[in-house]
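The primary structure of each chain is shown beneath.
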Amino acid sequence: MQFMLLFSRQGKLRLQKWFVAHTDKVKKKITRELVTLVLGRKPKMCSFLEWKDLKVVYKRYASLYFCCAIEPEDNELLTLEIIHRYVELLDKYFGSVCELDIIFNFEKAYFMLDEFLLGGEVQETSKKNVLKAIAAQDLLQEEETPQGFFDDHGLG
Amino acid sequence: MKKRDIFQSIMPTPKRLRDLIREIRSARTAADERSVVNKECAAIRESFRDEDNTYRCRNVAKLLYIHMLGYPAHFGQLECMKLIASPRFTDKRIGYLGCMLLLDERQDVHLLVTNSLKNDLSHQTQYIQSLALCTLGVICSAEMCRDLAGEIEKMIKSANAYIKKKSILCAYRIIRKVPDLMEMFIPSTRSLLNEKNHGVLFTAVCLITEMCEKSPDTLHHFRKEYELVPQLVRILKNLIMAGYSPEHDVSGVSDPFLQVKILRLLRRLGKTDLEASETMNDILAQVATNTDTSKNVGHAILYEIVLTIMGIQSEAGLRVLAVNILGRFLLNNDKNIRYIALNTLLRVVQADYNAVQRHRTTIVDCLKDPDISIRKRAMELSFALINANNVRGMMKELLHFLENCDQEFKADCCSNIVMSASKYSPNKRWHIDTVLKVLVMAGNHVRGDVVSMLIQLISETKTLHGYIALQMYKALSNDFTQQPMAQVAIWCIGEYGEHMFSTNVEDEEPVDVSEDDVVKVVEKVLSNNNSNEITKEYAITTLMKLSSRFTSTVPRIRQIIEVYGSSTNVELQQRSVEYTNLFSKFDHLRPALLEHMPLLEVHARSRSVMEDEGQEEENLLGGVEATNNENNINTMINPPVPTEGSSILDLIGNGPSKPDTTSGGGAVDLLDLLGDLGSTPTINNNTTPTQSSGNNLLDGFLSPEPSHTNQMNGDSSLCKIVAFSRNDLLVEMMCEKDTEPNIVVINVKATNSSSTPMSDFVFQAAVPKSFQMQLQSPSGTNLPASNQGEVTQVIKINNTQKTQLKMRLKMTYCQNGNTVTELGEVNTFPQHLWT
């Protein structure tokens, strides 16, 4: 995978994970282009499209579009499964996840993604293990800034 | 108390992240949002300047949010450095995230990151190690790779699966970035496939795949030394045979991610190795048949199986299995799966043509799919599957598709239909019908040469001329806005109009069209604003042709044409004036001029060149133009060798009378001269059109005119003599003086009064040495029976010595399957022509 983008139906970016090196300017340009392309698709159309020399796989969950750019040799149908697995992880973590959860806890969405993918590849195929790791790290964070203190210090 | 502390204690705590987010979201306008963001950035900058450790992570988190909205945040980069250097986990977590988001490998500052990374990679807390590994996996630059590769290699050997798997993926990333570093990882990779942990297994397969991709040697090494293929086959088998494992199950499929990854590596290994491919055959078939396909995940695995089967050197049966899987995909309700199927079929159709043919009907059904990308692929695949056997059925479907298809496909679809029709049409009529249908449906999208190609095709198919003219008329009366169609139709009506009424082609209804109707339609096209210039030029010429082909419409046609004498379009005006002249002063020449077009041989040649009939054709073409090349001329047609040649020689002497095609040098034997003349009409047809555009066809046709007008301007003393009359062949000559001194122009007219037609009629003449003769192109080569038509030709004689003109004639033609040669002599040219 080269990158993953999450954006709303109005085209607002909610998460961007890049697995290739590009300058900020280039990233912005690519994001703009793809967002326009994907938002322009009609509901009857399939989830795959060709863009430059990459394949783009996208799926809409409620009000959020999950969009991945994969290489020509990659399996599109499996990418759909990867996207679905990520959504399931978020869902388990936040309890019935919605877009607002991802907006207000964007850093947690990133942490989750970083436990699931690394370098553009899946690192853990077991849902349980990913969630366990996240829980452990959250605990570490909480232990550092005890509960009463948490709201004023720390990330808040 | 230091000033700083006082300052700090009265500084408000930085806004909480979620408060900022809330505030930004409630901004009504972009300007509002900008002001909120700018205010916050200022506060954050202030905070950074004050070296606030406690809230640094909160501030950076806010900055990251602002960055995601699209605002610049580079002033936070150094702060990220400080965060990752902090001992607190919370700080590191945000700090590393910030590094991944704000830095890319081109920043200088991230060299500083390398130090922190090195430290954290050997941290005692695995989650901190994990943060470092994760970050390395995202932002590693070449230098970072080299610096930390050793560390990563050590960590691959860790006993901790959590760290192991992440390190493996870091190694994968390093190798992608700096392939030279691959060597050092190979030994530690060897044992990884013995692990039980799925995460480790999965990442190990990733790493090995990348190594094999990057280095064929390593691939070979793995395959041979490590016996990778049997090991992978075992792992895969265990996966699918083992019972339900809740941890890795996805909708009833056991760890699909791992299965697909293994299949992909197998593909890589089997691609160039037959033995490896054979080892895999069984497991591939097994997985293909055992996978539950009720959900997408099963299809994902089957898809990878198909790709693998097609990518290795598999046996035929397995390949057929793969194509059948794709065929099943095509019937699936899920459009994604249909798309995948069509895409993959397109890739394999050349290699597995027969297998794919079996699914042709399903593919053709996909032409009606609601998704445009599926339709597109179905169209491409359909064209790839057309062959001589299925061409009729396929064309029917594709024509139907063309009718309704999207604009962006129309041009491609048209070209492909026309090309396929040329390749596979069962007979001429079907071919012509099909191309006509294309023109009618999508005429404005066809490529330029379709018009001329169709005209060529039609002119070759003599038997269908009447039928075609009728079809064209019908199509034209329906709709003449499609320019290419209109052009072809108009041309056909012009050339073959008279056959329209006597058509008796099978299963066509009796004709209910009158000459008047036809003229009306052509007139409509001519006057319509939608017709482009070329179409109008065709139309006016067609009307002219019809004036000699039709019997009852001459006055009307004349009237229509005259109107264009004042047209603002120069082309139309010129034609109108010339044609009008033809009606008035030179009416007797009109039929001759408007004879049928000769067969467009140049096109035939270019077509046969395309069909690879070799050099001969090209030489022939060259031969036509390079008139000196006797050899070529001989290969084209064998003129009947005149045994009377010597007597002609005796009579007239050695003098070369120069025909149009001047043969090279010196005293040319009259026999040779006649040989030259006798070869083919094309030599004499120096004005035969050679270009493919329809317009030029007409130019070629029109160009004899100037010579006629020359005559017309000359002395009007015309005299008519009978040059030859025998065996129902009558050749008359009309002579007149030209404006230039000593030049006489002779119009030769040949007619056939027998009951059977004469074809391939060639007229040749020879004159004494003192004359110069120029023989121009004949109007045609066919003499219809019962004087229903004629062939005319123009001869120009220059009598420099003002002696009495004598002329020897030789005519050849085919009648009733026999070749006939006639010789004659004309001595009755009036003297006064040269006084």
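Residues numbered from 1 in each chain as written. Chains lettered and ligands numbered in written order. Predicted model: local features only at pLDDT ≥ 70, side-chain atom pairs only at ≥ 80, totals over all residues. Heavy atoms only, no water.

Novice: Lay out the overall build of chain B in plain terms, naming residues and giving numbers.
Specialist: Along the backbone of chain B there are 41 helices and 10 strands. Out of the 835 residues in chain B, the part that is buried amounts to 56%. In chain B, the share of contacts with a sequence separation of at least 24, taken over all contacts with a separation of at least 6, comes to 67%. (Helix = DSSP H or I, 4+ residues; strand = E, 2+ residues; numbered from the N terminus. Buried < 20%, exposed > 50% of the residue type's maximum accessible area, 1.4 Å probe, protein only. Contact = heavy atoms within 4.5 Å.)

Novice: With reference to specific residues and values, describe the overall build of chain A.
Specialist: Scanning chain A for helices and strands turns up six helices and seven strands. Mapped in sequence order, the helices and strands of chain A form the string β-β-α-β-β-β-α-α-α-β-β-α-α. Out of the 156 residues belonging to chain A, those deemed buried represent 61%. Put simply, 45% of the contacts in chain A that link residues at least 6 apart link residues at least 24 apart.

Novice: Which residues make up the packing of helix H16 (residues 274-290) of chain B against helix H17 (residues 296-311) of chain B, and what values go with them?
Specialist: Residues and elements named next belong to chain B. Two numbers describe how H16 lies on H17: the axes approach to 10 Å, and their chain directions differ by 155 degrees. One way to sum up the angle between H16 and H17 is to call them roughly antiparallel. Regarding H16 and H17, the two cross each other, and that crossing is left-handed. Side by side, H16 and H17 meet where Leu284, Val287 and Ala288 of the first sit next to Ile301, Leu302, Ile305, Thr308 and Ile309 of the second. Of the residues in the contact of H16 with H17, the class split is seven nonpolar, one polar and no charged. (Axes fitted to C-alpha atoms, helices over the stretch in contact; angles between N-to-C directions. Parallel < 35°, antiparallel > 145°, perpendicular 65-115°, else oblique. Left-handed = near helix turned anticlockwise from the far one by under 90°. Nonpolar A, V, L, I, M, F, W, Y, C, P; charged D, E, K, R; others polar.)

Novice: Got a sec to walk through the sheet that holds strand S6 (residues 759-766) of chain B? Specific residues and values, please.
Specialist: Strand pairing in a sheet relies on backbone hydrogen bonds, with the paired strands running either antiparallel or parallel. All names here are of chain B. Judged by pairing direction, the sheet is antiparallel, and its three strands sit side by side in the order S6-S9-S10 without closing on themselves. Both outer strands of the open sheet, S6 and strand S10 (818-826), are each paired with one neighbouring strand and no more. Strand after strand, the sheet turns through a mean of 15 degrees between neighbouring axes, direction not considered. Two strands pair when backbone bridges link them, and strand S9 (residues 807-815) and S10 are joined in this way by nine bridges, in the antiparallel orientation. Across the sheet, the residue bridging to Gln815 is Asn818, located in S10. (Pairing = 2+ DSSP bridges.)

Novice: Could you give an account of the interface of chain B and chain A, with specific residues and numbers?
Specialist: Listed by partner, the interface residues are 77 residues for chain B and 70 residues for chain A. A buried area of about 6700 Å², summed over both sides, lies between chain B and chain A, and 55% of it is on carbon and sulfur atoms. When residues of chain B are sorted by the area they lose upon contact with chain A, Met68(B), Arg93(B) and Phe257(B) head the list and together hold 12% of the total. Where chain B touches chain A, the interface holds nine salt bridges. Across the pair Glu73(A) and Arg267(B) runs a salt bridge whose closest N-O atoms are separated by 3.7 Å. The tally of links between chain B and chain A comes to 29 residue pairs in polar contact (both at pLDDT 80 or more). Top element by residues in the side of chain B that touches chain A is helix H10 (residues 161-177) of chain B. It accounts for eight residues. Here the side of chain B that touches chain A is built from residues that sort into 37 nonpolar, 16 polar and 24 charged. (Buried area = accessible area lost by both parts, 1.4 Å probe. Salt bridge = Lys/Arg side-chain N within 4 Å of Asp/Glu carboxyl O. Polar contact = N/O pair within 3.5 Å; in protein donor to acceptor, adjacent residues only side chain to side chain.)

Novice: Outline the pattern of salt bridges, listing residues and values.
Specialist: All names here are of chain B. For the structure shown, the criterion picks out 51 salt bridges over all chains. Note that Lys368 and Asp365 form a salt bridge whose closest N and O atoms lie 3.9 Å from each other. A relative accessible area of 52% places Lys368 in the exposed class. For Asp365, a relative accessible area of 47% gives the class partly exposed. Among the charged side chains, a network of salt bridges with common partners joins Lys15, Glu23, Glu40 and Lys62.

Novice: Tell me what's going on with unusual backbone geometry, and back it up with residues and numbers.
Specialist: All names here are of chain B. Even without being a glycine, Asn727 presents a positive backbone phi close to 50 degrees. Counting through the fold element by element, Asn727 comes out in the loop between strand S3 (719-726) and strand S4 (729-737). Look at Asn727 and you get partly exposed, because its relative accessible area is 48%. Not every positive phi belongs to a glycine, and Asn816 is a case in point at roughly 55 degrees. Relative to the helices and strands, Asn816 resides in the loop between S9 and S10.

Novice: Outline empty space enclosed by the protein, supporting the account with residue identities and numerical values.
Specialist: One pass over the structure, following the stated rule, counts six cavities of 30 Å³ or more. In this structure, the largest cavity encloses a volume near 190 Å³. Lining the largest cavity are 14 residues, with Asp74(A), Leu78(A), Ile82(A), Glu121(A) and Lys261(B) positioned closest to its centre. At the level of secondary structure, the elements contributing two or more residues to the lining of the largest cavity comprise helix H2 (76-94) and strand S7 (121-122) of chain A together with helix H15 (256-270) of chain B. The residue makeup of the lining of the largest cavity, split by class, is seven nonpolar, three polar and four charged. (1 Å grid on protein atoms, 1.4 Å probe; cavity = no way out; pocket = protein on both sides within 12 Å on 5 of 7 lines; lining within 4 Å. Points joined across faces, edges and corners; volume = space filled by probe spheres on them.)

Novice: Account for the packing of aromatic side chains, with residues named and values stated.
Specialist: In this structure the tally under the stated criterion is 12 aromatic pairs over all chains. Ring geometry for Phe3(A) versus Trp18(A): centroids 4.5 Å apart, planes at 35 degrees, classification tilted. Of the two residues, Phe3(A) sits in strand S1 (residues 3-8) while Trp18(A) sits in strand S2 (residues 13-18), which places them 15 residues apart along the sequence. As far as the burial class goes, Phe3(A) and Trp18(A) line up, both buried. Between Phe48(A) and Tyr339(B), the ring centres sit 5.7 Å apart and the planes meet at 45 degrees, which makes this aromatic pair tilted. One end of the pair, Phe48(A), is in strand S3 (residues 48-51); the other, Tyr339(B), is in helix H19 (residues 335-348), on a second chain. In this pair, the class of Phe48(A) matches that of Tyr339(B), namely buried. An aromatic cluster is present here, built from Tyr61(A), Phe66(A) and Tyr86(A) joined pairwise through their rings. (Phe/Tyr/Trp six-rings, centres within 6.5 Å; stacked < 30°, edge-to-face > 60°.)

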